[in-house]
Amino acid sequence: MGLTIGVDIGGTKIAAGVVDEEGRILSMFKVPTPPTAEGIVDAIAAAVAGASEGHEVEAVGIGAAGYVDDKRATVLFAPNINWRHEPLKDKVEQRVGLPVVVENDANAAAWGEYRFGAGQGHDDVICITLGTGLGGGIIIGNKLRRGRFGVAAEFGHIRVVPDGLLCGCGSQGCWEQYASGRALVRYAKQRANATPENATILLSLGDGTVDGIEGKHISQAARQGDAVAIDSFRELARWAGAGLADLASLFDPSAFIVGGGVSDEGELVLDPIRKSFRRWLIGGEWRPHAQVLAAQLGGKAGLVGAADLARQG
């Protein structure tokens, strides 16, 4: 199969891109994300039409946040869109006249990194995305592992603290409450409130108050040496690395790939994640250690991965 389209459904925009067999994006088209579930189907169709103009496209892959069934056709549940057993594949196929594959967005991003990014050369890779929440994907034996019902690798909702912080999923103590962009902001606010004298740079980047601290301020402040910002990244990394150590016990991959917005800070967060991973890896003194690598494709990983999964049918 030649050219395919990948679709990334974001909170503010829907992006469609024509992708070739080497993972190169040949054209892109973006439309605003509508507020209604039905409107999103229309927007996907519009984005696909815009991106495919001038190209002979053979299939479409869609990355959707939520639980996608084992047939890669129905979104069983989406946390941020009112999709409950939504037959997305059928609806979009009727609109675009092309075969459609629907995949969880974190799975699609993991596959994109495995095929065309940091995972090249590895047969067994675990990906985590440290964004607003925490997502993931499993590639073992060169295959994307989705589980019997299609909803494997929801790493963010592994409970790491019994009766811990309340999660948006309704459970308590989920991993993403301790290792995510939301967690980073919480750490920074707690520390700035306790020791404002150590957060002068961080506070100056916002409105001067603890409540005004945002994720972008923490990144900027850390690069400028702000003690609270740096310590907040270290706390996030402590939890992220400990979680990777648990995943190593489960899957024994040769590499972990860390993506998502938090990972954009590079070694500021990756180096302490590696240290925490080594600290908590069971038998780590005597066993081989998986590499902990930075994702390479950035925000395009999901689109590229979805397009490649569509190519494979």
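As the structure is a computational prediction, the values presented were derived from the model and not from experiment.

Draft legend 1. Spatial organisation of the packing of aromatic side chains. Taken as a whole and judged by the stated rule, the model has five aromatic pairs. Summarising the aromatic geometry, the rings of Phe 256 and Phe 277 are spaced 5.5 Å apart at their centres and angled 70° between planes, so their arrangement reads as edge-to-face. You can see Phe 256 sitting in strand 12 (residues 255-259) and its partner Phe 277 sitting in helix 8 (residues 267-280), a full 21 residues away along the chain. Side by side, Phe 256 and Phe 277 carry an identical accessibility label, which is buried. Cation over ring: Arg 186 sits above Tyr 178, and NZ or CZ is 5.9 Å from the ring centre.

Draft legend 2. Main features of the nonpolar core. Among the nonpolar cores identified, the biggest contains 45 residues, and Leu 130, Phe 155, Ile 218, Leu 244, Ile 273 and Phe 277 are the most heavily contacted of them. Within the residue set of this core, elements represented by two or more residues are strand 9 (125-130), strand 10 (134-140), helix 4 (181-194), helix 5 (200-205), helix 6 (215-223), helix 7 (227-251), strand 12 and helix 8. Per-element tally for this core: the top contributor is helix 7, with eleven residues. For Ile 273, the residues in contact, after removing those within four places along its chain, are Leu 130, Ala 237, Ala 240, Gly 241, Leu 244, Val 258 and Val 292.

Draft legend 3. Broad picture of the pairing of strand 9. Most of strand 9 sits out of view: five of its six residues are buried. Relative to strand 10, strand 9 runs antiparallel, the two being bridged by six bridges. Of the residues in strand 10, the one forming a bridge with Thr 129 is Gly 135. Counting the residues in the hairpin turn of strand 9 and strand 10 gives three residues. Of the pairings in the sheet, the one linking strand 9 to strand 12 comprises five bridges and is parallel in character. For Ile 126, the partnering residue across the bridge sits in strand 12 and is Phe 256.

Draft legend 4. Unusual backbone geometry, seen in detail. The backbone of Arg 72 sits at a positive phi, close to 55°, despite the residue not being glycine. Tracing the backbone shows Arg 72 in the loop between strand 5 (67-68) and strand 6 (75-77). A positive phi angle, near 50°, is found at Asp 252, a position not held by glycine. Note on placement: Asp 252 falls in the loop between helix 7 and strand 12.

Draft legend 5. Region of interest: the packing of helix 7 against helix 8. Where helix 7 meets helix 8, the closest approach of the two axes is 7 Å, and the angle between their N-to-C directions is 45°. Put simply, helix 7 runs oblique to helix 8. You can see that helix 7 and helix 8 cross each other, and the crossing is right-handed. Residues Phe 233, Leu 236, Ala 237, Arg 238, Ala 240, Gly 241, Ala 242, Leu 244, Ala 245 and Ala 248 of helix 7 touch helix 8, and the partners they reach there are Leu 268, Val 269, Pro 272, Ile 273, Ser 276, Phe 277 and Trp 280.

Draft legend 6. Examining the pattern of salt bridges more closely. Inspection of every chain in the model, using the stated rule, returns 17 salt bridges. Here Glu 235 makes a salt bridge to Arg 191, at a shortest N to O gap of 3.9 Å. Here Glu 235 is found in helix 7, whereas its partner Arg 191 is found in helix 4, with 44 residues between them in sequence. For the salt bridge of Arg 274 with Glu 267, the shortest nitrogen-to-oxygen distance reads 2.7 Å.

Draft legend 7. Spotlight on helix 4. Here helix 4 spans 20 Å end to end across 14 residues, near enough to the 20 Å set by a 1.5 Å rise per residue. By the burial criterion, the buried members of helix 4 are Gly 181, Ala 183, Leu 184, Val 185, Tyr 187, Ala 188 and Ala 192. The elements touched by buried residues of helix 4 are helix 5, helix 6 and helix 7.

Draft legend 8. Examining the sheet that holds strand 8 (residues 100-104) more closely. Overall, mixed pairing links the five strands, which are arranged 3-2-1-4-8 in an open sheet. Sheet topology places strand 3 (25-32) and strand 8 at the edges, where each strand pairs with a single neighbour. On average, each strand axis in the sheet is tilted by 20° relative to the strand beside it, whichever way the strands run. Here strand 4 (residues 57-64) runs beside strand 8; their pairing, made up of five bridges, is parallel. Residue Ile 62 lies in a different strand from strand 8, and its bridge partner there is Val 102. Helix-sheet contacts for helix 3 (residues 105-116) involve strand 4 and strand 8, and the interaxial angle to strand 8 is about 95°. Strands strand 1 (3-9), strand 2 (13-19), strand 3, strand 4 and strand 8 of the sheet are contacted by helix 9 (residues 301-312), whose axis makes an angle of about 135° with strand 1.

Rules used in this analysis
- Residues numbered from 1 in each chain as written.
- Predicted model: local features only at pLDDT ≥ 70, side-chain atom pairs only at ≥ 80, totals over all residues.
- Heavy atoms only, no water.
- Phe/Tyr/Trp six-rings, centres within 6.5 Å; stacked < 30°, edge-to-face > 60°.
- Helix = DSSP H or I, 4+ residues; strand = E, 2+ residues; numbered from the N terminus.
- Buried < 20%, exposed > 50% of the residue type's maximum accessible area, 1.4 Å probe, protein only.
- Lys NZ or Arg CZ within 6 Å of the ring centre and 35° of its normal.
- Core = buried A, V, L, I, M, F, W, Y, C linked by side-chain atoms within 4.5 Å.
- Contact = heavy atoms within 4.5 Å.
- Pairing = 2+ DSSP bridges.
- Axes fitted to C-alpha atoms, helices over the stretch in contact; angles between N-to-C directions.
- Parallel < 35°, antiparallel > 145°, perpendicular 65-115°, else oblique.
- Left-handed = near helix turned anticlockwise from the far one by under 90°.
- Salt bridge = Lys/Arg side-chain N within 4 Å of Asp/Glu carboxyl O.
- Expected span 1.5 Å × (residues − 1).

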